[in-house]
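# Per-entry structural report
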Amino acid sequence: MDKENKFLSFSFLVFVLIGNFLGCDSVDSASVATNVSDDCPIFCRGEILKEVQISKIFNQSSHFLHMKLRSEPDVIEENFIDLKNGSTDPLEPEILKKFIDKWFAPPGSDIETSPLPDWKARPRFIEEIHDKDMRNWLKELNEIWNKLSVRVPEDVSNNPQFYSQIYLPNSFVIPGGFFQEMYYWDSYWIIEGLLLCEMRTSARKMIENFLYLVKKYGFIPNGSRKYYLQRSQPPMLISAVEIYYQYTHDFNFIRANIDLLHREYQFWVANRSISIEKDGKNYTVFHYTVNTTEPRPESYVADIVLAQNLSDAEAKVMYGDIKAAAESGWDFSSRWFIDKGVENGDMKFIKTQIIAPIDLNTIMCRNAYLLSLYFERLGNSEQSAYYREAASSLNATISRLFWDEEAGFWFDFNLKTRKLENTFYGAGFVPLWAGAYGSERHRSHIVSKVIDYITSNNLTSYPGGIPTSLIASKQQWDFPNGWAPLQYFAVLGLHSAAVYNSTAGELANAFASKWVLNNYYGYINSDPHLMMEKYDVTKVGVPGSGGEYPVQAGFGWTNGVVMKFMQLYPHTIRATLVEGHAPIYVAAVLLLIMTTSLTMVHLLLSCLC
């Protein structure tokens, strides 16, 4: 066993080198961020950003970042220096506001609406939904896609120095609310929703936007803003390409873009992997890490307040941990707040970079597996073997480092303590979704253990779905909130695991039904009707709460996951116990037939009609 582990780790390192040799253009994240920052001197760093955000002259910190420069950046900076006249004191808010109004145009010029060209009013999967109320609701959700569809104007391409928005060649669907740009992992569920609604062209165009970013930067940033270019998000591009292929069978699209998929994978290998030793065995794992020395531009004040009592060196580490948590998509959660080796609800203990997340490592394992299949079909046996071995190595690592046999679930791995963080987080369902079971235990055994874990932790007791965690930290990625992507990983994972244990399939159906009804009643009970980014799973129809900002409406991935669940369970998820009112009428008639005269039955029918 020791020899096998050493071979796997050695093999993975060799594969990294081979990958570079075979054509991977290695991308250094620090150099990328530095180069981009030079094209973003005002919105990404500097004294103007600092003064505007600290002064709080705008209600939302993103307001300033979405404005347009009225002149060249260096001209504006020179005028700001003249206005300061050598003073180190902050400007009076009124003077600062006048300066901003003079040199910056209001937000909104960097994005414009763009109706989806292939939108259909009656997608087939919606017509197959049994429950009439559900069917009508899904039709309304389908209409939301057009409301969320935007494009970046050509002026952003012609004059990029005036904007924080990154130009993208195609229209795309945004999450909604104040999220007015394309986000990386959000878009996976948006893309699947578009495919379910038979908008193959729109889905492909969104993927092409991501490929454009890989070609330009070597990786996909958190979102399509320059101030996001120091970090990415969970690497879902290859999975997005896979669902596009599953719906379209368009392998030519994969053929044309395989080099960019390879390049995106290698960014994570070069910049987010680390080799560790545990119990005399060597492993290579992935973690979120960001090389930075500054607060997030979009949450500037929150970051400096959190780091205010730290030394400069300690503050820089904290800024890296904050941005790494944002890169994880889980911003923020007790998952990253490690106090003496234990998760804590206090953000001052944020230690994201010392955690090897189970979901990230599983996604990378699945990415490698998919790339091995693509290269095999393309006839590139060398690259196929490289990715097949990378997937095998990660699959074994997930089994040996991240699985807790006693608990019966997958957990994050602490790189500092070399121990599991064996506290429940919804990310632990991702191996089920990816089929990353390892080879050391029978799959039916693993699935049975997971079912027992779900039961023993009372995860079925919540009426609105699966909680993100069981820790009430007041952060948004914690209890009692539920999030669409985590419900998706759990439901699809349990659904596929039903071949090993039928109870898994029953749980998948039950969890999907709870989540859909939580969304449904939240929608019909709101005025105007809204879909939210998160929901409280301890209730039904109540939006989630907590975190840095108010809950947002829209909402891209929420809509996409509801659609997927209704496609999976079109007959079993219902808004009411019976469809419409006809069954009630029929029951009343049958009862009257047994108890009264036929004349009375005719009278009742005439009243009902």
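Owing to the predicted nature of the structure, the values given are computational and were not obtained by experimental measurement. (Residues numbered from 1 in each chain as written. Predicted model: local features only at pLDDT ≥ 70, side-chain atom pairs only at ≥ 80, totals over all residues. Heavy atoms only, no water.)

## Some details on the pattern of salt bridges
Quick reminder of the rule: Any carboxyl oxygen of Asp or Glu within 4 Å of a side-chain nitrogen of Lys or Arg constitutes a salt bridge here. Where helices and strands are cited, they refer to DSSP runs of H or I of at least four residues and of E of at least two residues respectively, numbered from the N terminus. Note on exposure labels: buried denotes an accessible area under 20% of the residue type's maximum, exposed denotes more than 50%, and partly exposed covers the range between, all computed with a 1.4 Å probe on protein chains only.
Within the structure shown, the criterion is met by 25 salt bridges. A salt bridge links D110 to R225; the nearest nitrogen and oxygen atoms lie 2.6 Å apart. Placement of D110 in the loop between β2 (104-105) and β3 (112-113) and of R225 in the loop between α11 (200-217) and α12 (237-248) is noted, with a sequence separation of 115 residues between them. Of the two residues, D110 and R225, neither departs from the other in class, the shared state being buried. R441 serves as the salt-bridge partner of E405, at 3.1 Å between the closest nitrogen and oxygen. Here E405 is found in the loop between β11 (403-404) and β12 (409-410), whereas its partner R441 is found in the loop between α18 (430-434) and α19 (443-456), with 36 residues between them in sequence. For E405, a relative accessible area of 30% puts it in the partly exposed group.

## Here we look at the packing of aromatic side chains
One pair of aromatic rings is described through two measures. These are the centre distance and the angle between the planes. For the record, the criterion: Classification of ring pairs rests on two measures: the distance between centres of Phe, Tyr or Trp rings, Trp counted by its six-membered ring, which must be within 6.5 Å, and the angle between planes, read as stacked under 30 degrees, edge-to-face over 60 and tilted in between. Cation placement over rings: the criterion is NZ of Lys or CZ of Arg within 6 Å of the ring centroid and within 35° of the ring normal.
In total, this model carries 54 aromatic pairs according to the counting rule given. On the numbers, 5.0 Å between centres and 80° between planes, the contact of Y188 with W189 is edge-to-face. Residue Y188 shares its accessibility class with W189, and that shared class is buried. Ring plane angle 75° and centroid distance 5.0 Å describe the contact between Y520 and Y521, whose orientation is recorded as edge-to-face. Note on Y521: relative accessible area 26%, which makes it partly exposed. In this structure an aromatic cluster arises from ring pairing among W185, Y188, W189, W330, Y425, W433, W477, W483, Y488, F489 and W557. Seen from the ring of W330, R335 lies directly overhead, with NZ or CZ sitting 4.5 Å from the centre.

## Section: a negative patch on the surface
The line we're drawing: Each patch groups residues whose relative accessible area exceeds 30% and which form no salt bridge, using 9 Å between like charges and 5 Å between nonpolar side chains of Val, Leu, Ile, Met, Phe, Trp and Tyr. The Shrake-Rupley method, run with a 1.4 Å probe, gives the accessible areas here. Residue values count only the displayed protein chains as cover. We count Lys and Arg on the positive side and Asp and Glu on the negative side, and we leave His and both chain ends out. Charge coordinates come from a single atom per side chain, which is NZ of Lys, CZ of Arg, CG of Asp or CD of Glu.
Together, E72, D74, E78 and D82 give the surface a local cluster of negative charge. Secondary-structure assignment places E72 in the loop between β1 (68-69) and α5 (73-84).

## Notes on the environment of I471
Relative to the elements of secondary structure, I471 occurs in the loop between α19 and β15 (481-483). On the accessibility criterion, I471 (22% relative accessible area) is partly exposed.

## Brief notes about the sheet that holds β3
Note the threshold: Pairing between strands is defined by DSSP: at least two bridges between the two strands are required. Throughout, a contact is declared for two residues whenever any of their heavy atoms are within 4.5 Å. To obtain each axis, a line is fitted to C-alpha atoms, and for helices this fit is confined to the stretch in contact; angles are then taken between N-to-C directions over 0 to 180 degrees.
Strand order in this open sheet of 3 strands is β3-β4-β5, and the pairing throughout is antiparallel. The sheet is open, and its two borders are formed by β3 and β5 (172-173), each paired with just one other strand. For β3 and strand β4 (residues 149-151), the ladder comprises 2 bridges, and the chain directions are antiparallel. From the neighbouring strand, E112 faces β4, where its bridge partner is R151. The strands that helix α8 (residues 132-148) touches are β4 and β5; relative to β4, the one it contacts most, it runs at about 15°.

## Structural notes on the layout of surface pockets
Quick note on the threshold: Grid points spaced at 1 Å over the protein atoms alone were grouped into cavities, where a 1.4 Å probe fits but cannot get out, and pockets, open sets with protein on both sides within 12 Å along at least five of seven lines, with lining residues defined by an atom within 4 Å of a point. Grid points are joined across faces, edges and corners, and a volume is the space filled by probe spheres set on the points. The residue classification treats Ala, Val, Leu, Ile, Met, Phe, Trp, Tyr, Cys and Pro as nonpolar and Asp, Glu, Lys and Arg as charged. All others, Gly included, are polar.
By volume, the largest pocket is sized at about 980 Å³. In terms of lining, the largest pocket is formed by 46 residues, of which the most central are F178, E298, S299, E548 and Y549. Per-element accounting of the lining of the largest pocket gives the leading share, 5 residues, to helix α14 (residues 300-306). Of the residues in the lining of the largest pocket, the class split is 23 nonpolar, 13 polar and 10 charged. Counted as a void, the second largest pocket has a volume near 540 Å³. Residue assignment for the lining of the second largest pocket shows that the elements contributing at least two residues are α10 (186-196), α12, α16 (358-377), α17 (381-402), α18 and α20 (484-497). Here the lining of the second largest pocket takes 5 residues from α16, the largest share from any one element. When the residues that make up the lining of the second largest pocket are grouped by side-chain class, the tally is 13 nonpolar, 7 polar and 6 charged.

## Thoughts on the packing of α11 against α12
Put simply, the test is: Any angle between 65 and 115 degrees counts as roughly perpendicular, while under 35 counts as roughly parallel, over 145 as roughly antiparallel, and the rest as oblique. We call a crossing left-handed when the near helix sits turned anticlockwise from the far one by less than a right angle, and right-handed when that turn is clockwise.
Viewed as axis vectors pointing N to C, α11 and α12 meet at an angle of 150°, and their least axial separation amounts to 11 Å. In terms of their interaxial angle, α11 and α12 are classed as roughly antiparallel. Remark: the crossing between α11 and α12 carries left-handed chirality. Contact residues: α11 offers R200, R204, I207, F210, L211 and V214, while α12 offers L237, A240, V241, Y244, Y247 and T248. Classifying every residue of the contact of α11 with α12 by side-chain character gives 9 nonpolar, 1 polar and 2 charged.

## Structural notes on the confidence of the model for the chain
So the rule is basically this: Each residue carries a pLDDT score, the predictor's confidence in it, ranging from 0 to 100.
For the chain, per-residue confidence averages 91 on the pLDDT scale, and 88% of positions sit at 70 or higher. Below a pLDDT of 50 lies the segment residues 1-31, which in the model reaches 56 contacts outside its immediate sequence neighbourhood of four places, other chains included. Note that residues 577-609 has pLDDT below 50 and, in this model, 16 contacts with residues that lie over four places away or in other chains.

## What about α11?
Condition: Each helix should span, by expectation, one fewer than its residue count multiplied by 1.5 Å.
Over its 18 residues, α11 runs 26 Å from end to end, which matches the ideal 26 Å to within 8%, given 1.5 Å per residue. Every buried residue belonging to α11 is among S202, A203, M206, I207, N209, F210, L211, L213, V214 and Y217, and all of these are buried. G218 lies just past α11 and shows a positive phi near 90°.

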